[in-house]
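# A closer look at the structure
The lines below spell out each chain.
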Amino acid sequence: MAKSALRNLTTSLLGQSFVHPIFDYMLIGGGLSLVVVAWVLPDPSAALTFSAASLPLIILLSAGAHFAASTVRLYTKPGAFHSLPFITMALPLVTLVLLTACIGFAGKLGPHLTSLYLTWSPYHYAAQAYGLAVMYCYRSGCLLSEGNKKLLWWMSMIPFFYVFTTGPNVGLHWIDMAGWLDDRPSVNTFLKTFQFVLLAVGIVGTVYLWRNIWLHQGRPMPLISVLVLIANAVWWFILRPRNAFVWATIFHSIQYLAIVVFFHVKDQMGRPNQRHGVTYHVLWFYGACVLLGYALFSCFPQAYVLAGFGPVESVLLVGAAVNIHHFFVDGYIWRLKKTDANRTIVDTGATAPL
Amino acid sequence: MHQKSLKDCLYKAAFVVGIVIFFLAFALGFCDSIRVHKHIPPVGVTYRTGIESLKEQRKDDDLASQLRLALDLDLGRPDKFNLHYELGMLLDSQGKPMEAIHHLHRCVQINSDHIGALNHLAWALATCPDPQLHPSLRSQAVELARRASKRLANKNPGVLDTLAAAHAAVGQYELAVTTAESALKLAAKQQSNALAEEIRTRLQLYKESKPFYRRPKPFGKDRPNGASSNQ
């Protein structure tokens with residue numbers, strides 16, 4: 001009996017993985033990123049230990065492909081044209097027009113586009129962490145009450161609040177264009193103290209949440225859900241200020257790619273008359289992401305240079321626009337309606353107690 | 001019903017236009033990249049290639065404009081030292097010493113140990129021909145040049161030349177003469193004949209109790225030791 005209870009507890013703590021516990025914990029959960037952080041922390045310049053030749057390729061295969069993945073997912077998701085007509089059909093042209101306007105008036109509009117992308121980015125990372133945490137909870141039979149979901153959301157957002165309040169040219173400092181904050185040392189002191197308060201609230205809040213779920217739901221939140229939150233917090237609180245954020249970008253991208261490929265394969269294998277195996281769909285999707293990522297980041301900016309715009313605004317603002325487009329599309333493609341076939345990936349079929 | 005079909009038509013038209021423009025842009029960008037790089041576009045394009053191209057073509061005004069824009073747009077890049085440094089040197093060569101001083105000053109704020117930044121800022125402050133430059137700023141040149149020279153164990157003739165100019169700028173002509181003579185000896189020992197000739201010219205000014213104020217020189221023609229030449 002005791003052995004059985006222990007086995008159940010272990011299974012609950014481990015959670016229901018998508019591929020394999022090691023794969024899920026290391027890549028989707030962000031466990032590998034924490035190992036790398038421990039290696040990079042003593043010497044942040046180790047963040048760039050890849051050679052000058054290999055780093056761009058690694059970034060294309062991870063980050064570049066991940067930005068393109070939301071677009072590939074959008075256009076390969078069954079029923080997307082019908083359910084998301086604006087996003088699928090009008091958004092590309094709208095994005096092109098807005099991007100061209102920003103490049104044309106780069107001096108005035110460019111900094112705002114960049115600040116928008118840099119402000120939205122930590123929110124996107126936090127939302128991804130929240131989504132993955134909830135997904136693993138539901139897959140593992142740990143149903144969350146509305147109250148616990150809200151608390152989980154707030155805990156996930158803490159790294160975003162940290163960057164929003166402290167990041168230069170981001171969030172508060174972007175809104176404060178007149179430099180009011182910089183002229184007031186007392187406000188800066190308050191914001192510095194606020195960082196530590198946020199960190200403390202995050203740690204205490206996460207522990208409280210985990211305990212609360214176990215007490216009221218009867219089973220614990222899987223550790224991988226907690227790991228996802230911790231990894232995201234480490235990326236923003238520790239890596240970013242130390243110029244080592246390239247690692248966070250790579251690991252966030254790997255996390256995203258793993259999940260999106262899984263969902264794509266599920267969709268494709270569920271199609272009637274489909275003839276290919278899992279490997280084919282994985283390689284097809286990832287290959288399309290890499291190609292599109294290459295086109296977006298390596299070829300597209302040159303079109304603006306050819307049109308007579310400068311290289312700085314062409315490269316930087318195309319990058320910012322691709323990011324923003326990715327964030328925007330991502331907000332829609334992961335909304336799983338009740339009729340969505342992918343709900344079986346996350347649902348257990350039971351309803352959460354209040 | 002009519003409104004719905006109009007909306008559908010508009011969406012479809014927007015989609016077609018958007019996709020066509022994108023593929024056209026991709027194709028043109030791909031082909032132009034081959035023309036520029038002489039091979040398929042490299043993975044991980046940065047704006048550096050474009051900046052280097054402007055330098056090669058000596059389009060200094062466009063280059064300055066692009067460097068300023070990079071400072072405004074590359075917000076995700078925490079270390080803007082190189083941008084400020086390049087822009088400071090370029091503006092100095094374009095005869096815009098006050099703007100150059102602003103950017104070189106930012107360099108020293110970012111990295112107070114960088115010898116090139118210390119030396120170039122000291123030189124710019126000491127030899128700035130603009131009479132509106134505040135005397136307290138000229139006196140900073142002495143401290144900056146001294147710091148740079150100390151880091152090179154007082155064995156770099158170009159940096160000693162800067163220190164001599166800084167001394168002269170604040171009226172310390174005796175110190176300027178002795179420092180310039182040390183610089184001259186080192187330059188001769190290292191067989192830097194062009195530098196030695198310049199120091200000799202300036203030494204004459206210091207002996208006449210005159211400071212050295214310079215005219216700008218073309219960007220990119222710095223001596224390896226970092227001190228700028230004039231005339």
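Every chain is numbered on its own, with residues counted from 1 as its sequence reads. Here chains are named by letter from A upward and ligands by number from 1 upward, in the order in which they appear as written. Owing to the predicted nature of the model, reporting of local features is limited to residues with pLDDT of at least 70; listing and counting of side-chain atom pairs is limited to 80 or more, with chain, interface and lining totals taken over all residues. Neither water nor hydrogens contribute to the side-chain values; these are computed over all heavy atoms in the structure.

## Observations regarding the overall build of chain B
Each helix is a run of H or I in the DSSP string that is no shorter than four residues. Each strand is a run of E no shorter than two, and both are numbered from the N terminus. Within chain B, the secondary structure is distributed over ten helices and zero strands. Counting from the amino terminus, helix and strand elements in chain B follow one another as α-α-α-α-α-α-α-α-α-α. A principal-axis box enclosing the C-alpha atoms of chain B has dimensions of 90 × 40 × 30 Å. When burial is assessed residue by residue, chain B has 45% of its 231 residues classed as buried. In chain B, 56% of the contacts between residues at least 6 apart in sequence involve partners at least 24 apart. Split by element, the accessible area of chain B, about 12,100 Å² in all, is 57% carbon and sulfur. Side-chain charges in chain B split into 31 positive and 23 negative, and the spacing between the mean points of these groups amounts to 2 Å. Here's how the labels work: a residue is buried when its accessible area is under 20% of the maximum for its type, exposed when over 50%, partly exposed in between, all with a 1.4 Å probe on protein chains only. Note on contacts: a residue pair is in contact if any heavy atoms of the two residues lie within 4.5 Å. Values of accessible area rely on a 1.4 Å probe in the Shrake-Rupley scheme; residue burial ignores everything except the protein chains shown. His residues and chain termini do not enter the charge count, which takes Lys and Arg as positive and Asp and Glu as negative. Lys charges are placed at NZ, Arg charges at CZ, Asp charges at CG and Glu charges at CD.

## Concerning the confidence of the model for chain B
By definition, pLDDT measures how confident the predictor is in each residue, and it falls between 0 and 100. Confidence in the prediction of chain B, expressed as mean pLDDT, is 87, and 91% of residues score 70 or more. Low confidence marks residues 217-231 of chain B, where pLDDT is under 50. Its contacts with residues over four positions away, or in another chain, come to 44 contacts.

## A closer look at the interface of chain A and chain B
Quoted interface sizes are often the accessible area lost when the parts come together. Contact residues are listed per partner, giving 39 residues for chain A and 35 residues for chain B. Counting the surface lost from both chain A and chain B, the interface buries some 3,100 Å², and carbon and sulfur atoms represent 78% of this. By buried area we mean how much accessible surface two parts lose on assembly, using a 1.4 Å probe and totalling the loss over both. Of all residues in chain A, the largest losses of buried area upon contact with chain B belong to Met89, Gln302 and Val312 of chain A, amounting jointly to 18% of the total for that side. In what follows, salt bridge is the name for a side-chain nitrogen of Lys or Arg lying within 4 Å of a carboxyl oxygen of Asp or Glu. Across the contact surface, chain A and chain B share zero salt bridges. Pairing of N or O atoms within 3.5 Å defines a polar contact, subject to two protein rules: one partner must be a possible hydrogen donor and the other a possible acceptor, and residues neighboring in sequence count only if both atoms are side-chain atoms. Between the two partners, chain A and chain B, sit five residue pairs in polar contact (both at pLDDT 80 or more). Counting residues per element, the ones that place at least two in the side of chain A that touches chain B are helix H4 (54-76), helix H6 (85-104), helix H7 (106-139), helix H13 (278-306) and helix H14 (311-333) of chain A. Tallying contributions element by element places H13 of chain A first for the side of chain A that touches chain B, with eleven residues. Under this grouping Gly is polar, as are all residues other than the nonpolar Ala, Val, Leu, Ile, Met, Phe, Trp, Tyr, Cys and Pro and the charged Asp, Glu, Lys and Arg. Here the residues of the side of chain A that touches chain B are counted per class, giving 28 nonpolar, ten polar and one charged.

## Here we look at the nonpolar core
Definition of nonpolar core: a set of buried residues of the types Ala, Val, Leu, Ile, Met, Phe, Trp, Tyr and Cys, connected through side-chain atoms within 4.5 Å. If you look at the biggest cluster of nonpolar residues, it comprises 61 residues, and the most contacted ones within it are Leu99, Phe300, Val312 and Leu317 of chain A together with Tyr47 of chain B. The residues contacting Phe300 of chain A, other than those within four sequence positions of it, are Leu96, Leu99, Ala295 and Val318 of chain A together with Phe22 and Ala25 of chain B. Counting 43 residues, the second largest nonpolar core, distinct from the first, contains Leu118, Ala145, Ala169 and Ala187 of chain B.

## Comments concerning the confidence of the model for chain A
Averaged over every residue, the pLDDT of chain A is 87; the share at 70 or more is 91%. Across residues 348-354 of chain A, confidence stays below pLDDT 50; counting only partners more than four residues off in sequence or on other chains, it has twelve contacts.

## Some points on helix H8 (residues 157-169) of chain B
Residue and element names in this part refer to chain B. Here a helix's expected span is defined as the number of its residues, less one, multiplied by 1.5 Å. Relative to the 18 Å expected for 13 residues at 1.5 Å per residue, H8 spans 18 Å between its end C-alpha atoms, a close match to the ideal helical length. Across the 13 residues of H8, 13 count as buried, placing the element largely inside the fold. For H8, the N-terminal cap is Asn156; the gap from its side-chain oxygen to the backbone nitrogen of Gly158 is 2.9 Å. Positive phi appears at Gly171, one or two residues downstream of H8, with a value of about 85 degrees.

## Some remarks on unusual backbone geometry
Peptide bonds are mostly trans, and most non-glycine residues show a negative phi. A positive phi is found at Asn273 of chain A, a non-glycine position, where the angle reads about 65 degrees. Mapped onto the elements of the fold, Asn273 of chain A is located in the loop between helix H12 (245-269) and H13. In this structure, Gln191 of chain B is a non-glycine residue whose phi angle is positive, near 60 degrees. Relative to the helices and strands, Gln191 of chain B resides in the loop between helix H9 (173-189) and helix H10 (193-207).

## Structural notes on the environment of Tyr25 of chain A
Residues and elements named next belong to chain A. For Tyr25, the location among the structural elements is in helix H2 (residues 21-28). Spatially, the C-alpha atoms of Tyr25 and Trp334 are 21 Å apart, while their sequence positions differ by 309 residues. Setting aside anything within four residues of it in sequence, one finds Tyr25 in contact with Leu13, Leu14, Gly30, Gly31, Leu223, Ile224 and Leu227.

## Remarks on the domain arrangement of chain B
Residue and element names in this part refer to chain B. As used throughout, domain bounds are those supplied by an automatic or database domain assignment. Domain boundaries in chain B define domain 1 (49-112) and domain 2 (132-216). Every contact between the two is made by eight residues of domain 1 and, on the other side, six residues of domain 2. Both sides of the domain 1 and domain 2 interface together cover about 500 Å² of buried area, and 59% of this is carbon and sulfur. The interface formed by domain 1 and domain 2 includes zero salt bridges. At the junction of domain 1 with domain 2, the criterion picks out one residue pair in polar contact (both at pLDDT 80 or more). Sorting the residues of the side of domain 1 that touches domain 2 by element identifies helix H4 (81-93) and helix H5 (97-110) as the ones contributing at least two each. For the side of domain 1 that touches domain 2, the element with the highest residue contribution is H5, accounting for four residues.

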